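# Commentary on secondary and tertiary structure
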Amino acid sequence: MFIDKVRINVKGGDGGAGCMSFRREAHVPKGGPDGGDGGHGGNVVLVADASISSLIEYRFKHHFKAERGTHGQGKRMHGATGADRVLRVPVGTVVREYFEETKETGELIADLTRDGESVVVARGGMGGRGNIHFVTSTRRAPAFAELGEPAEECWVELEMKLMADAALVGMPSAGKSSLISRISAARPKIADYPFTTLVPNLGVATSDDYSFVVADIPGLIEGAHEGRGLGHEFLRHIERTALIVHIVDLTGDWEGRDPLEDYRVINQELALYADELAARPRIVVANKIDVPGTEEVCEQLAAQVKADSIAAAGGNEFAPSPIDPKLYRISALTGKGVDQLKAAIATKVHELREQARQQQKLANAEFDNVWEAKRLRRDAQFSITKLSEGIFRVEGGQVERWVVQCDWENEEAITFLQHRFKRVGLDKALAKAGAVDGDEIRIVGRAFAYDGGAGEDTFEELDF
């Protein structure tokens with residue numbers, strides 16, 4: 001079964017808690033703190049795998065979690081790091097944020113276009129630090145340690161777009177499936193009725209020293225860019241292909257359509273779906289030349305293709321154009337002209353691959369690095385909302401994690417948390433938001449009384 005879009009929930013492993021311990025050995029006076037750190041939680045990692053052809057593995061199972069880190073112990077023994085959860089996806093998978101509550105997609109996280117390329121979609125929590133880390137010149141025997149950091153949890157959308165060199169497009173029953181079965185070992189369903197092909201088919205074709213991957217895209221109809229006839233489901237698979245092979249049925253099929261109008265409609269649908277598809281290199285193929293009476297319409301189509309090629313080159317007949325001015329005339333049924341077409345596709349694909357290599361050297365963009373920078377920047381930010389008179393809520397990834405990591409049974413740990421808040425400017429931000437002494441400040445189920453003076457803030461647990 002061909003599955004090309006899924007949404008999954010991913011959660012890293014929680015970090016293990018740090019240990020509060022003191023060295024206790026005979027003949028070792030004042031041994032000092034020796035609590036070990038908690039282990040880091042594992043990450044959830046997506047890895048592109050060329051041996052996988054669909055996302056069917058994620059059709060029924062939607063929740064994936066990495067292993068948590070273990071707690072630290074005395075004698076400076078650190079907890080073990082949790083194992084990563086590795087999820088394998090097809091090459092060509094686009095990963096985006098997904099918000100389950102609003103059913104909306106967010107920012108692009110990664111575009112996994114190479115075998116072995118990976119991205120971390122849910123980071124495991126950091127292990128809590130043992131009390132050995134909190135020794136200062138004035139705090140010689142810290143009697144507290146950090147709890148483990150909670151892991152990231154989110155929904156992501158996985159969308160697979162075929163990684164083919166050339167895409168066969170055209171109206172239903174134009175002969176796309178017949179052609180791919182002629183030039184490759186692919187064996188799609190072939191019949192004399194429209195929409196025989198319901199999912200894209202891939203085949204590998206070889207011509208002399210060149211080989212290329214060709215995709216048979218299900219038939220498009222007018223309005224496909226608006227989703228008619230599952231247009232969006234099919235059109236998105238054309239976005240990655242380097243070359244468009246436009247198949248035109250010279251007979252107009254059983255509906256008696258006008259081949260020139262079919263040619264115009266498909267070009268229009270590609271351009272309306274995505275601007276860059278209008279300028280995508282393409283080859284136009286006239287199919288079913290074995291049918292008597294198609295000679296005249298074939299000549300008309302050839303003239304139209306040449307005119308479009310000149311127009312795409314800015315009106316200069318000798319300038320390079322994304323449209324091959326030559327119309328390739330074939331019969332997918334008898335095989336006439338197919339070898340010449342296959343050689344032309346192979347040559348063009350080879351040229352486009354070389355251009356892509358040069359562009360890759362210049363660009364070399366890394367989606368995961370960009371995503372990680374955005375995530376860290378967003379994590380450090382916090383917001384303050386006034387819920388009612390005298391009550392404020394603080395929200396932010398980093399601030400909320402600090403509250404969760406705090407040992408609320410330990411006064412020293414609470415004091416340390418207050419110092420953290422002051423370092424990131426939370427006290428000043430609350431004052432700017434209108435908080436005054438005695439106001440209640442809420443952060444993830446905990447509350448404290450705001451004190452803008454020299455006094456200590458006081459914390460207490462609340463049930464919301």
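Above this text sits the structure in question.
Residues numbered from 1 in each chain as written. Predicted model: local features only at pLDDT ≥ 70, side-chain atom pairs only at ≥ 80, totals over all residues. Heavy atoms only, no water.

Let's shift gears to the overall build of the protein chain. Helices and strands together make up the secondary structure of the protein chain, namely ten helices and 19 strands. Counting only residues that meet the buried cut, the protein chain has 47% of its 464 residues in that class. Taking the intrachain contacts of the protein chain between residues at least 6 apart in sequence as the baseline, contacts between residues at least 24 apart amount to 69%. Summing over all exposed atoms, the protein chain offers an accessible surface of approximately 23300 Å²; the carbon and sulfur share of this is 51%. (Helix = DSSP H or I, 4+ residues; strand = E, 2+ residues; numbered from the N terminus. Buried < 20%, exposed > 50% of the residue type's maximum accessible area, 1.4 Å probe, protein only. Contact = heavy atoms within 4.5 Å. Areas by Shrake-Rupley, 256 points an atom, 1.4 Å probe, with all protein chains shown as cover.)

Let's shift gears to the layout of surface pockets. Space inside the second largest pocket adds up to approximately 730 Å³. Lining the second largest pocket are 25 residues, with E152, E153, C154, R378 and D379 sitting closest to its centre. Of all the secondary structure elements, the ones that give two or more residues to the lining of the second largest pocket are strand 5 (93-99), strand 8 (153-160), helix 7 (367-380) and helix 8 (397-405). In terms of residue class, the lining of the second largest pocket is built from 13 nonpolar, three polar and nine charged. (1 Å grid on protein atoms, 1.4 Å probe; cavity = no way out; pocket = protein on both sides within 12 Å on 5 of 7 lines; lining within 4 Å. Points joined across faces, edges and corners; volume = space filled by probe spheres on them. Nonpolar A, V, L, I, M, F, W, Y, C, P; charged D, E, K, R; others polar.)

Applying the stated criterion across every chain, the model contains one cavity of 30 Å³ or more. Volume-wise, the largest cavity comes out at about 80 Å³. Surrounding the largest cavity, F144, A145, E146, W402, Q405, C406, D407, A413, F416, L417 and R420 form its lining. Those elements giving two or more residues to the lining of the largest cavity turn out to be helix 8 and helix 9 (411-423). With four residues, the single largest contributor to the lining of the largest cavity is helix 9. Taken together, the residues of the lining of the largest cavity break down into seven nonpolar, one polar and three charged.

Phi is positive for K75, which is not a glycine, with a value near 60 degrees. Note that K75 resides in the loop between strand 3 (63-65) and strand 4 (85-90). You can call K75 exposed: its relative accessible area is 66%. Backbone geometry at K288 places phi at a positive 70 degrees, although glycine is not the residue there. Mapped onto the elements, K288 comes out in the loop between strand 13 (282-287) and helix 5 (295-312).

Below, the discussion takes up the packing of aromatic side chains. Two numbers describe a pair of aromatic rings. These are the distance of the centres and the angle of the planes. With the rule as written, the count across this model stands at five aromatic pairs. Centroid distance F144 to F416: 5.8 Å. Interplanar angle 40 degrees. Geometry classified as tilted. Linking F144 in the loop between strand 7 (118-122) and strand 8 with F416 in helix 9, this pair joins segments that are 272 residues apart in sequence. Looking at F144, the relative accessible area reads 2%, which means it is buried. (Phe/Tyr/Trp six-rings, centres within 6.5 Å; stacked < 30°, edge-to-face > 60°.)

This brings us to the nonpolar core. In globular proteins that are soluble, nonpolar side chains generally tend to be buried together. Judged by nonpolar contacts, the single largest core of 24 residues is most densely connected at L179, L243, V245, I283, V285, L341 and I345. Elements represented by at least two residues in this core include exactly strand 9 (166-169), helix 1 (176-183), strand 11 (210-216), strand 12 (243-249), strand 13 and helix 6 (338-363). Top contributing element to this core by residue count: helix 6, with seven residues. Beyond its immediate sequence surroundings of up to four residues, V285 is in contact with V245, H246, I247, V248, L327, Y328, I330 and L341. (Core = buried A, V, L, I, M, F, W, Y, C linked by side-chain atoms within 4.5 Å.)

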